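Topology and contacts: notes
For reference, the chains in residue letters:
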Amino acid sequence: MNKRLQVALAALVIVFLAALAGVFAFAQQEYARDQQQLRWRLSMVADSRAQALEYWLDQQQAVVLGLVNNESLQVYLNVLRMQAEAPEMNVDSGEELGFLRTLLEVTAQRGGFVSRVEGGPVRANVKRLGLAGLALLGPDGGILVASAGMPPISAALAAFIAETPLTEPGFLDLRRDAQGQLALGWLLPVLTEQGRGQGTTVAARLLALRPADTAFFATLKQPGQTMATAETYLIRQSGHTLEFLSPLANGTAALSHRIAIGEEDSVETAALRKPGAFHAGLDYSATPVFAVSRQIPGTPWVLVHQVDQAEALAQSKRRLITLISLMLALLIGFVSIILFAWRYGSSARIEQVARQYQASSQRFEALSRFLDAVSDTQPNAVFATDAQARLTFANRRTSELTGIPRPELTGRSLIGVFGQERGRFYQALIQRAYEQQQELIVTRHFHLQPDPGLLGLFEFCQSRTEQRLTQASNAPNNAPSNTQSQALSAADHPSPGSEAEDSEQVWRSNHHPLPRDNLHAAVVLTTIEDLTALTEERRRRERNTLQLIDTLVGLMDERDPNSANQSLFVAQVAREMAIELALSSLLIKTAEQAGRLVNIGKIRVPSDLLTKPGPLTKAERALVQDALDQGPSLLKHLEFEGPVIETLAQINEHWDGSGRPLGLAGEAILPTAQILAVANTFVTLINAGTFRAGQSFQQAESELLADAGQRFDRRVVLSLLNFLNNKGGRSRWATMTRDQPCSGGA
C-alpha cells in the first residue's frame, strides 16, 4: 500500500470519527432542546391554571366588594347605626333589616355564596345547618342580618373575625367546616359617613362564605391536556407540614393528605421554598416527575403542575435513538459512496452523474412552472417574503389586488406594494410569524372613503324611525320620553361614524412560516382573501331585517293604538336583562329583536276586535290567543342571525313544564325565551289593561317573584329586580307605566 493511499485512508477515518462525534453532540443538543420545550410547555399550563384560579378568586372578591360599596347598603347601615345610638326613639328597624336581607339574598344567589343541599331529608322541626352565605356583622362580631344558609359563628370563625383588624380586609383560608365540607371566605369592613367633616367609620363588617365546589377545583383542569400523567394541584405550608388543598390523581380527597417539610428530593418542598421555578424530583407518591410551581397572589397557596419523567421524555428518547440510527446509517452510507466513487470513479461515471443532475434540474424547472400555474389559479393573493420583508414570489392575484405588474413585485418591500398602513401592518405580522415559527390567521378591516349611498340609507332609516316615534308620542298614555326615543333610535339603526358611514375593505390573511434552511430565500408564505363582498352582504341583510322589523312594528301599532310602543318597551327591558345575565352579543340582539316582534300575531286579529270598547267574549279571546300563538309562523320565511323565531315560539313555555305549546321545562327553554316571557309580563303588569289599572314597580316585582320557580326561571326574575333596584331601572323606566285602563278590548 503506497503512502498516498495510507494518507487518504487515515483522513477518511478522521473524518468518520469527527462526523460520529458530531452526531452524538447533535443528539445531546436535541435532548437538551426537548427538555427546554418540556419546561416551556409545563410553564404555559401552570401559568394558565394560575390565571384561571386568580380569575375565579377575583370574581368572588368582585361580588363582595360590589356589595360593600353598594350605596343603598351603606345608607341603611347608617340608619341602623343612628337608631342604635338613639334607643329612646324606639324606632322599628324591621324595614331596614328586610331590605338588607333581600340584598344579601340576591347577591348570594348571583355570586354563588349559597349552600349546596346535601344528604337525605331531615325531620320537619329540625333546621338544616347552612354551609355558606353572606352576613353583616356588628362591631362586636355578632350577626346583624344574614342570607339564608349562613352558618352560625363557630369558634374558628369567631377567632378569625377577632384576629382580623376592624378596618382591614381578611381572607379565610380553605378549611373544612363543621359538616366536613370545604369552604373559604372573605371579611371586609363597610365604611359609612359619620357626618359633615367627621370622616368615615366602620358601620359593619361583611362576612362572605362560599363552598369550594367543583367550579373552584375545575380551574386546575387544563383543557386539551394530552399527557396521561399530567396533574395540577394546590399546596400550602401548615407549621412543619405541607398540606395538599386539592384532590389528587391517586384518589386522595382535598385536605386529606399532608407530608413533612424537609425532604430534599420532594418537588412539593422545593415548590414551597422557591415558587415559580422548574423542579425535578419525587412527588407525593415517590414517582420521579418534572414540575413547575406558581405562587397564587393574596393567598398562602402554591400551584404545582407536574408530569412523570418517564412519559415526558419517552418520545424524546425514541426520537433521539431514531435520529442517531438514521444519521449513523447516512454517515456510513456516505462513507461507502465515497469509497465506491474513489475506487470505481471514472470520467464516464462523472458524465452520467452530470446528465442525471441536468435531468433533475429540468424536472425542477418543470415543477416550478407547474406550481406557478397552480398558484395563478388560486382566487386569493399568494406571496412569499424574505427576512427583510421583501417579496420573493407573488401569484397573478397579488398583481391584480395591488395593481402592480407581476414581474415588478419580486424584490419590492411590503410598504412599496401595499402602502404605509397595510404594509407596516403585514410586515409586523410576518415578522411575528417568522420569530415565533407559528402560523397566524388575522382578519383586518381597512377603512376607505365614506360611501354616500350608505350615508343616504342611514339618514332615511333614521328619519323614518324618528317619524314613527313622533307619531307614537302624540298618542295618549303611550308617549315615551326623549331619552327613550333616542335609545330606541340608536338601537334600531347604526349611528353615523359606525359601520354604515365608512366604506371599508375586509382582508383575511394567513401567514405560514417556511422551514428555516439555506436553500430558500423566502421565510414566510402569505395568502390574502378579500372578504369585503361577504361582509357587505351580511350588513345589507342586517339592514333589511331592521327595516322589516320597523315596518311590522309600525303596522301593529297602527292596528292597535292602545298597545302602541309596548313591543318597544319589551325589547328595551329584554335587552337590559340579557346584558345583566351576561349573554353573548348574538343572544342580546336576539332578545331585543324578539321583543320588538312580541305582538306580531296581532296582524291576524281583526282591527275592530283590537279596538273593541268592551270586554272580549270567550270566543274572541280564544281567537286573539290563537293569533298570537301563530304569530311566529308569519316569520318562518325570514332569516335572522339568532333564534328569533324559536324565542317567540317558546314565550308561553313555563319553567316547571306547565306551559304551551310543547310543555318544555327548565333549561330546555331558550334563555332568550325565558327573558322575553319575564319582560313581556313585566311591561304588561305596569301598564293598564282592559278595565285594569297599571301596577306599581313593587307590585309587579311581587307578582314576578311569586311565579319564580314555576312560571319563570328565578335567575331571570332576579336579573330584572337587580337592574330595577341597583342600576337605576326604576327611574329609567318610570315613563313606561300607564296607570289608566285602556278603552280597547285586545
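Every value quoted in this text rests on a predicted model; they were computed, and no experiment measured them.

1. Observations concerning the overall build of the protein
Regarding its fold elements, the protein presents 24 helices and 16 strands. The buried share of the protein, reckoned over its 746 residues, is 40%. With an accessible surface of roughly 39900 Å², the protein has 55% of that area assigned to carbon and sulfur atoms.

2. Description of unusual backbone geometry
Cis rather than trans, the peptide bond between Arg 660 and Pro 661 has omega equal to 5°. Position of Pro 661 among the secondary structure elements: in the loop between α20 (644–649) and α21 (671–686). In the Ramachandran plot, Ala 286 falls in the positive-phi region, its phi being about 65° despite a non-glycine side chain. The topology assignment puts Ala 286 in the loop between β9 (278–282) and β10 (288–295).

3. Description of the sheet that holds strand β2 (residues 143–146)
The strand order across the open sheet built from 5 strands is β2-β1-β5-β4-β3, with neighbouring strands paired in antiparallel fashion. Of all strands in the sheet, those with a lone pairing partner are β2 and β3 (170–176), marking the two edges. Each strand axis lies, on average, 25° off the axis of its neighbour in the sheet, ignoring direction. Examined bridge by bridge, strand β1 (residues 133–137) and β2 share 3 bridges and lie antiparallel to one another. Pairing of Ala 135 across the sheet is with Ala 146, part of β2.

4. Details of the packing of aromatic side chains
For the structure on display, the rule yields 22 aromatic pairs. A centroid spacing of 6.2 Å and a plane angle of 75° characterise the contact between Phe 113 and Trp 186, whose relative ring orientation is edge-to-face. On the criterion of sequence distance, the pair formed by Phe 113 in the loop between α3 (94–111) and β1 and Trp 186 in strand β4 (residues 182–193) is long-range, its members being 73 residues apart. Across the pair, Trp 186 and Phe 113 agree in class, each one buried. Between Phe 425 and Tyr 426 the ring centres are 5.2 Å apart and the planes differ by 65°, which places this aromatic pair in the edge-to-face class. Classification of Tyr 426 by relative accessible area gives buried; the value is 0%. Taken together, the ring pairs in this structure connect Trp 56, Phe 113, Phe 171, Trp 186, Phe 216, Phe 217 and Trp 301 into an aromatic cluster. The side chain of Arg 39 reaches across the aromatic face of Phe 278, ending 4.3 Å from its centre. Above the ring of Phe 425, the side-chain terminus of Arg 444 is found at 4.3 Å from the ring centroid.

5. Remarks on the pattern of salt bridges
Tallied over the full model, the rule gives 19 salt bridges. Of the charged contacts, one joins Arg 715 and Glu 667 as a salt bridge, the two residues approaching to 2.7 Å between their closest N and O atoms. Of this pair, Arg 715 sits in helix α23 (residues 714–726) while Glu 667 sits in the loop between α20 and α21; the two residues are 48 residues apart in sequence, bridging distant segments of the chain. Relative accessible area serves as the criterion here: at 48%, Arg 715 is assigned to the partly exposed category. Asp 713 is paired through a salt bridge with Arg 715; the nearest N and O atoms lie 3.0 Å apart. Linked by salt bridges that have partners in common, Asp 173, Arg 236, Glu 243 and Arg 258 make up one network.

6. Describing the pairing of strand β11 (residues 302–308)
When you tally the buried positions in β11, you get 7 out of 7 residues, the bulk of the element. Side chains of β11 alternate between two faces, with Val 302, Val 304, Gln 306 and Asp 308 and Leu 303, His 305 and Val 307 buried alike. The pairing of strand β6 (residues 231–238) with β11 spans 5 bridges and is classified as antiparallel. Paired with Ile 235 across the strands is Val 302, a residue of β11.

7. Overview of the side chain of Asn 680
Take Asn 680: it is sitting in helix α21. Under the relative-accessibility criterion, Asn 680 is labelled buried at 18%. With near-sequence residues (within four places) excluded, Asn 680 lies in contact with Gln 566, Val 570, Val 598 and Ile 651.

8. Observations regarding the sheet that holds β6
One open sheet holds the 6 strands; their spatial order is β8-β7-β6-β11-β10-β9, and the pairing between them is antiparallel. Lying at the two open borders of the sheet, with one neighbouring strand each, are β8 (257–260) and β9. Here the average twist between neighbouring strands, direction ignored, is 35°. Bridge count between β6 and strand β7 (residues 241–244): 4 bridges; the pairing is antiparallel. Each residue of the ladder has a partner; that of Ser 238, found in β7, is Thr 241.

9. What to know about the side chain of Gln 695
Along the chain, the position of Gln 695 falls in the loop between α21 and α22 (697–707). The buried category is assigned to Gln 695, whose relative accessible area is 17%. Within the local environment of Gln 695, its side chain forms a polar contact with the side chain of Glu 703, the two groups lying 2.6 Å apart. Setting aside residues no more than four positions away along its own chain, Gln 695 makes contact with Leu 685, Ile 686, Ala 700 and Glu 703.

10. Focus: helix α16 (residues 566–580)
End to end, α16 covers 21 Å across 15 residues, agreeing with the expected 21 Å (1.5 Å per residue, within 8%). Burial analysis of α16 places 13 of its 15 residues in the buried class, which makes it a mostly covered element.

11. A short note on the packing of helix α2 (residues 71–85) against α3
Contact geometry for α2 and α3: axes closest at 10 Å, N-to-C directions at 145°. You can see that α2 and α3 cross each other, and the crossing is left-handed. Residues Ser 72, Leu 73, Tyr 76, Leu 77, Val 79, Leu 80 and Gln 83 of α2 lie in contact with α3, whose contacting residues are Glu 96, Leu 97, Phe 99, Leu 100 and Leu 103. For the contact of α2 with α3, a count of residues per class yields 9 nonpolar, 2 polar and 1 charged.

12. Description of the nonpolar core
The nonpolar side chains of a soluble globular protein tend to be buried, and buried together. Grouped together as the largest cluster of nonpolar side chains are 47 residues, with contacts concentrated most on Leu 77, Leu 136, Leu 206, Leu 234 and Trp 301. Tallying contributions element by element places helix α1 (residues 3–68) first for this core, with 10 residues. Counting 45 residues, the second largest nonpolar core, distinct from the first, contains Val 573, Ala 594, Val 598 and Met 736.

Rules and cut-offs
- Residues numbered from 1 in each chain as written.
- Predicted model: local features only at pLDDT ≥ 70, side-chain atom pairs only at ≥ 80, totals over all residues.
- Heavy atoms only, no water.
- Helix = DSSP H or I, 4+ residues; strand = E, 2+ residues; numbered from the N terminus.
- Buried < 20%, exposed > 50% of the residue type's maximum accessible area, 1.4 Å probe, protein only.
- Areas by Shrake-Rupley, 256 points an atom, 1.4 Å probe, with all protein chains shown as cover.
- Pairing = 2+ DSSP bridges.
- Axes fitted to C-alpha atoms, helices over the stretch in contact; angles between N-to-C directions.
- Phe/Tyr/Trp six-rings, centres within 6.5 Å; stacked < 30°, edge-to-face > 60°.
- Lys NZ or Arg CZ within 6 Å of the ring centre and 35° of its normal.
- Salt bridge = Lys/Arg side-chain N within 4 Å of Asp/Glu carboxyl O.
- Contact = heavy atoms within 4.5 Å.
- Polar contact = N/O pair within 3.5 Å; in protein donor to acceptor, adjacent residues only side chain to side chain.
- Expected span 1.5 Å × (residues − 1).
- Left-handed = near helix turned anticlockwise from the far one by under 90°.
- Nonpolar A, V, L, I, M, F, W, Y, C, P; charged D, E, K, R; others polar.
- Core = buried A, V, L, I, M, F, W, Y, C linked by side-chain atoms within 4.5 Å.

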